[in-house]
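Chain residues, written in single-letter form:
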Amino acid sequence: MAGTGNTGGANARPQYSWIAGIRRLTRYRLVIPIKRSIHSPVHTARGVMVGIAWAMTPTIGLQMPLVFVTWLITRRLFRWDFNVVIGMVWTWATNVVTMVPAYYGFYVTGQFMLGRSDAGKTGYGEFRQLMDRTLVEGADVGWFEWTTNAFSAIIHGWGVPMAVGCIPWAIAAGWVSYVWTLKFVHKYR
């Protein structure tokens, strides 16, 4: 089958470069659900906004449950609804691959917001070593003790600047994603 990318028989899957594969996966998992949503453009855009806002926080691994809790609270208490499934999917914008660069951005922003003079002095390599030391140090102890030590080091070391620094990122990224999604859905429909 010339030109189709197939390498074998009738059931062979097309071969993609890893970049094309990521682009295809992103389109399939993030863009197509927006296009196929049966809800209003505002409802869909709110879901993307909430998902991206939670994605821009140092809570990798908890983001999808946090979107669900946000949906429950805003729906029940404020009668403000959004597409919870799309919100959960868009938390994938940050993941294990993008975690360290995102956390570094939060950290530097937080240092600056807290008025610390060394805000720009910690380079990315130093930050990565700090994370590695915090998360790997004492790995030979029991799970509970390691978790307690790591949590304490995160809170006292770089957790507060990250928690403060993620706020402007979450607000800005949430707003931009809301506006972009609203325009995209209106244009598509």
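Predicted, not measured: the structure shown is a model, and the values here were computed from it. (Residues numbered from 1 in each chain as written. Predicted model: local features only at pLDDT ≥ 70, side-chain atom pairs only at ≥ 80, totals over all residues. Heavy atoms only, no water.)

Explanation requested: the environment of Thr-70 in the structure shown.
Along the chain, Thr-70 turns up in helix H3 (residues 63–77). Placed 20 residues apart in sequence, Thr-70 and Val-50 show a C-alpha to C-alpha distance of 8.2 Å. With residues near it in sequence (within four places) discarded, Thr-70 still touches Val-50, Trp-54 and Phe-82. (Helix = DSSP H or I, 4+ residues; strand = E, 2+ residues; numbered from the N terminus. Contact = heavy atoms within 4.5 Å.)

Even after reading the chapter, I still don't get the environment of Val-100, so can you show me in this structure?
One can find Val-100 in helix H5 (residues 99–113). Separated by 28 residues in the primary sequence, Val-100 and Arg-128 place their C-alpha atoms 7.0 Å from one another.

Help me understand the pattern of salt bridges, please; the structure alone is not making it clear to me.
Pairing of side chains with opposite charge becomes possible as their charged atoms draw close. Summed over all chains, the structure comprises one salt bridge. Across the pair Arg-75 and Asp-81 runs a salt bridge, and its minimum N-O distance is 3.5 Å. Residue Arg-75 is classed as partly exposed on the basis of its relative accessible area of 38%. Overall, Asp-81 belongs to the partly exposed group, its relative accessible area being 23%. (Salt bridge = Lys/Arg side-chain N within 4 Å of Asp/Glu carboxyl O. Buried < 20%, exposed > 50% of the residue type's maximum accessible area, 1.4 Å probe, protein only.)

Looking at this structure, how should I read H3?
For the α-helix, the turn length of 3.6 residues means that residues three or four positions removed from each other point alike. The first and last C-alpha atoms of H3 sit 21 Å apart over 15 residues, in line with the 21 Å expected at 1.5 Å per residue. Along H3, the residues that are buried comprise Gln-63, Val-67, Thr-70, Trp-71 and Thr-74. All buried residues of H3 lie within an arc of 105° about the axis, which places them on one face of the element. Across H3 from its buried face, at more than 90 degrees, point the exposed residues Arg-76 and Leu-77. Looking at the packing, one finds that the buried side of H3 touches helix H2 (41–55) and helix H4 (84–90). At the exit of H3 stands Arg-79, carrying a positive phi of roughly 55°. (Expected span 1.5 Å × (residues − 1). Arc of directions from axis to C-beta.)

All we've got here are geometric facts, nothing functional implied.
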